[in-house]
Amino acid sequence: MSASASENNKPRAETESLALDTDLGWAIRMVSAAFRRVATDSVADLPGGARGYLVLVALAGGSEPPSQLALAKEVSLDRTVMTYLLDDLEAHDLVTRKPDPRDRRARQVLITDTGRARLAQVRESLGAAEARLLTDLNPTDTEQLRTLLARVAQTAQREVVAPDEAEC
């Protein structure tokens, strides 16, 4: 029996599970590429673009101002890249830095009122872009997708951070 003949004899469910549209890697790649396309314009005017946006979101959502290093880890940026990005954001009055009262060698990063206002504008524009991408989902599906992706992202972040922490 030839290889192609044996392929034809496989159960239908097994061959369907090999379809491209059921592959997680393909789905993540397609969604990521589409999101990047629709979201780029929304964050283009921010210093650092998407990276600047993530920094502002992280700062706006936190209760206590993080150190530069903690912020870099939270948004998964190299600390050197973070320094340059914060320089740009600070030059546009979107963030400010101050000495950490617990460790004067460290700097805390705070979002400014201007940063909060700019973030609100960007989030509105980004929300419209996200709605275009998620147009085939109902509100419940959209919320479930966000929740599940956030959980997977947290797992992925732990996987990236854990090896560095093990070396300390």
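Rules used in this analysis
- Residues numbered from 1 in each chain as written.
- Predicted model: local features only at pLDDT ≥ 70, side-chain atom pairs only at ≥ 80, totals over all residues.
- Heavy atoms only, no water.
- Helix = DSSP H or I, 4+ residues; strand = E, 2+ residues; numbered from the N terminus.
- Buried < 20%, exposed > 50% of the residue type's maximum accessible area, 1.4 Å probe, protein only.
- Contact = heavy atoms within 4.5 Å.
- Areas by Shrake-Rupley, 256 points an atom, 1.4 Å probe, with all protein chains shown as cover.
- pLDDT = per-residue confidence, 0-100.
- Patch = residues over 30% accessible without salt bridge, like charges linked within 9 Å, V, L, I, M, F, W, Y side chains within 5 Å.
- Salt bridge = Lys/Arg side-chain N within 4 Å of Asp/Glu carboxyl O.
- Axes fitted to C-alpha atoms, helices over the stretch in contact; angles between N-to-C directions.
- Parallel < 35°, antiparallel > 145°, perpendicular 65-115°, else oblique.
- Left-handed = near helix turned anticlockwise from the far one by under 90°.
- Pairing = 2+ DSSP bridges.
- Core = buried A, V, L, I, M, F, W, Y, C linked by side-chain atoms within 4.5 Å.

Engineer: Explain the overall build of the protein to me, using residue names and the numbers behind them.
Structural biologist: Of the regular secondary structure elements, the protein holds eight helices and two strands. Scanning the protein from its N terminus toward the C terminus, one meets helices and strands in the order α-α-α-α-α-α-β-β-α-α. By residue count, 24% of the 168 residues in the protein fall in the buried class. Contacts in the protein between residues at least 24 apart in sequence constitute 49% of all its contacts with a sequence separation of at least 6. For the protein, the exposed area adds up to about 11800 Å²; of that, 54% sits on carbon and sulfur atoms.

Engineer: Explain the confidence of the model for the protein to me, and be specific about the residues and the numbers.
Structural biologist: Detailed reading of the predicted model is not advised wherever pLDDT is low. Averaged over the protein, the pLDDT score is 86; the fraction of residues at 70 or greater is 85%. The spread of mean pLDDT over the elements of the protein runs between helix H1 (residues 3-8), the lowest at 51, and helix H6 (residues 79-91), the highest at 96. Of the regions scoring below 50 in pLDDT, residues 164-168 engages in zero contacts with residues more than four places distant in sequence or in other chains.

Engineer: Which residues make up a nonpolar patch on the surface, and what values do they have?
Structural biologist: Side chains of Leu20, Trp26 and Met30 sit close together on the surface and give an oily, nonpolar patch of about 290 Å² of accessible area. If you trace the backbone, Trp26 turns up in helix H3 (residues 24-43). You can call Trp26 partly exposed: its relative accessible area is 32%.

Engineer: Tell me what's going on with the environment of Arg132, and back it up with residues and numbers.
Structural biologist: Within the secondary structure layout, Arg132 lies in helix H7 (residues 113-133). Here the alpha-carbon distance between Arg132 and Val38, two residues 94 residues apart in the chain, equals 8.2 Å.

Engineer: How would you sum up the packing of H3 against H7? Please name residues and give values.
Structural biologist: Packing of H3 against H7 brings their axes to within 9 Å, and their N-to-C directions diverge by 150 degrees. When the axes of H3 and H7 are compared, the pair comes out roughly antiparallel. In the packing of H3 onto H7, the handedness of the crossing is right-handed. Across from Val31, Ala34, Phe35, Val38, Ala39, Ser42 and Val43 in H3, the residues of H7 making contact are Val122, Ser125, Leu126, Ala129, Glu130, Arg132 and Leu133.

Engineer: Tell me about the pairing of strand E2 (residues 103-111), residues and numbers included.
Structural biologist: Sheet topology note: the strand E1 (residues 95-100)/E2 ladder contains six bridges and is antiparallel. Following the sheet pairing, Lys98 is matched in E2 by Gln108. Taking the residues between adjacent antiparallel strands as the criterion, E1 and E2 are bridged by two residues.

Engineer: Explain the nonpolar core to me, and be specific about the residues and the numbers.
Structural biologist: Among the nonpolar cores identified, the biggest contains 23 residues, and Val55, Leu71, Met82 and Leu86 are the most heavily contacted of them. If you list the elements that add at least two residues to this core, you get H3, helix H4 (50-61), helix H5 (68-74), H6, E2 and H7. In terms of residue count, H4 provides more of this core than any other element does, five residues in total. Setting aside chain neighbours within four positions, we find Met82 in contact with Val55, Gln68, Leu71, Ala72, Val75 and Leu77.

Engineer: Lay out unusual backbone geometry with the relevant residues and their values.
Structural biologist: The phi torsion at Ser76 lies on the positive side, around 60 degrees, for a residue other than glycine. Inspection of the secondary structure assignment puts Ser76 in the loop between H5 and H6. Backbone geometry places Asp93, a non-glycine residue, at a positive phi of 60 degrees. Looking at the element boundaries, Asp93 is found in the loop between H6 and E1.

Engineer: Summarise the pattern of salt bridges; cite the residues concerned and give the values.
Structural biologist: A side chain with one charge can pair with a side chain of the opposite charge if their charged atoms come near. Summed over the entire model, instances satisfying the criterion amount to six salt bridges. Between Arg97 and Glu90 there is a salt bridge, with the nearest N and O atoms lying 2.8 Å from each other. Residue Arg97 is classed as buried on the basis of its relative accessible area of 13%. A relative accessible area of 29% means that Glu90 is categorised as partly exposed. Of the charged contacts, one joins Asp103 and Arg105 as a salt bridge, the two residues approaching to 3.0 Å between their closest N and O atoms. Connected via shared salt-bridge partners are Glu64, Asp100 and Arg102.

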